[in-house]
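Next come the chains, spelled out residue by residue.
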Amino acid sequence: MADTALRLLNEVGLDGLTLRAIAKELDVKAPALYWHFKDKQALLDEMATEMYRRMVTGASLDPADTWRERLRKANHGLRESLRGYRDGAKVFSGSRFTGIEHAEQMEDSLRLFTAAGFTLAQAVRATTTTYLYTLGFVTEEQGVEPLPDERREGFDVEERARMMADFPLSAAAGAEIFADYEQHFGEGLELVIDGIAARYGID
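Rules of the game
- Residues numbered from 1 in each chain as written.
- Predicted model: local features only at pLDDT ≥ 70, side-chain atom pairs only at ≥ 80, totals over all residues.
- Heavy atoms only, no water.
- Axes fitted to C-alpha atoms, helices over the stretch in contact; angles between N-to-C directions.
- Helix = DSSP H or I, 4+ residues; strand = E, 2+ residues; numbered from the N terminus.
- Parallel < 35°, antiparallel > 145°, perpendicular 65-115°, else oblique.
- Left-handed = near helix turned anticlockwise from the far one by under 90°.
- Contact = heavy atoms within 4.5 Å.
- Nonpolar A, V, L, I, M, F, W, Y, C, P; charged D, E, K, R; others polar.
- 1 Å grid on protein atoms, 1.4 Å probe; cavity = no way out; pocket = protein on both sides within 12 Å on 5 of 7 lines; lining within 4 Å.
- Points joined across faces, edges and corners; volume = space filled by probe spheres on them.

### Focus on the packing of helix α5 (residues 67-82) against helix α8 (residues 120-144)
Where α5 contacts α8, the axes come no closer than 10 Å and their chain directions differ by 30 degrees. By the angle between their directions, the pair α5 and α8 is classed as roughly parallel. For the pair α5 and α8, the crossing hand works out as right-handed. Contacts between α5 and α8 involve Leu71, Asn75, Leu78, Arg79 and Leu82 on the former and, on the latter, Ala126, Thr127, Thr130, Tyr131, Thr134, Leu135, Phe137, Val138, Glu141 and Gln142. For the contact of α5 with α8, the residue count by class is eight nonpolar, five polar and two charged.

What follows is the structure in structure tokens.
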């Protein structure tokens, strides 16, 4: 059922994804779905869990990673996974996993961080802060590019620059905000990682 919901998500987006629409896709009556999901949030929880399962399938953690490398790999991988679904970041954000599949990788990463000199609290703060950065970045990115091959109307950087010609710095900033997402995500992530190192004195 989560597979059907994720496929439908790419067609209609989060706002159009209803239990009724999924029931129609599955050719069942909508009330039948309430045996599986008490409400839409329960469905989103299962969808986020399935997204995570797909993300980690075939992926293996490198025990030789430094803590910096682990944060880079985890967050670049998360971004790529979320971008594969329309409104992927919104679905993932705030959802509760319905299984404990994530515990193995979480345990491994926390072990790596604490071995590198982080306290458990610092390790949690470092990993969750980069995770939240990625979720926020992709949420904004998908507001402009719902899927990698799409771009919403109203986000033409050159048109924006013309409209804001009286504000030259703000006009020029458009290219830094609404284009080259891959580069800008990477730069922002490095800023966060460097901040973690500076804050906790761990390199």
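### Some remarks on the layout of surface pockets
Any space left empty among the atoms is revealed by the rolling of a water-sized probe across them. Taken as a whole, the largest pocket holds about 930 Å³ of empty space. Contributing to the lining of the largest pocket are 30 residues, with Tyr52, Ala74, Gln105, Ser109 and Tyr131 lying nearest its centre. Taken together, the elements giving at least two residues each to the lining of the largest pocket come down to α4 (40-56), α5, α7 (102-115) and α8. Tallying contributions element by element places α5 first for the lining of the largest pocket, with seven residues. A breakdown of the residues in the lining of the largest pocket according to their chemical character gives 16 nonpolar, ten polar and four charged.

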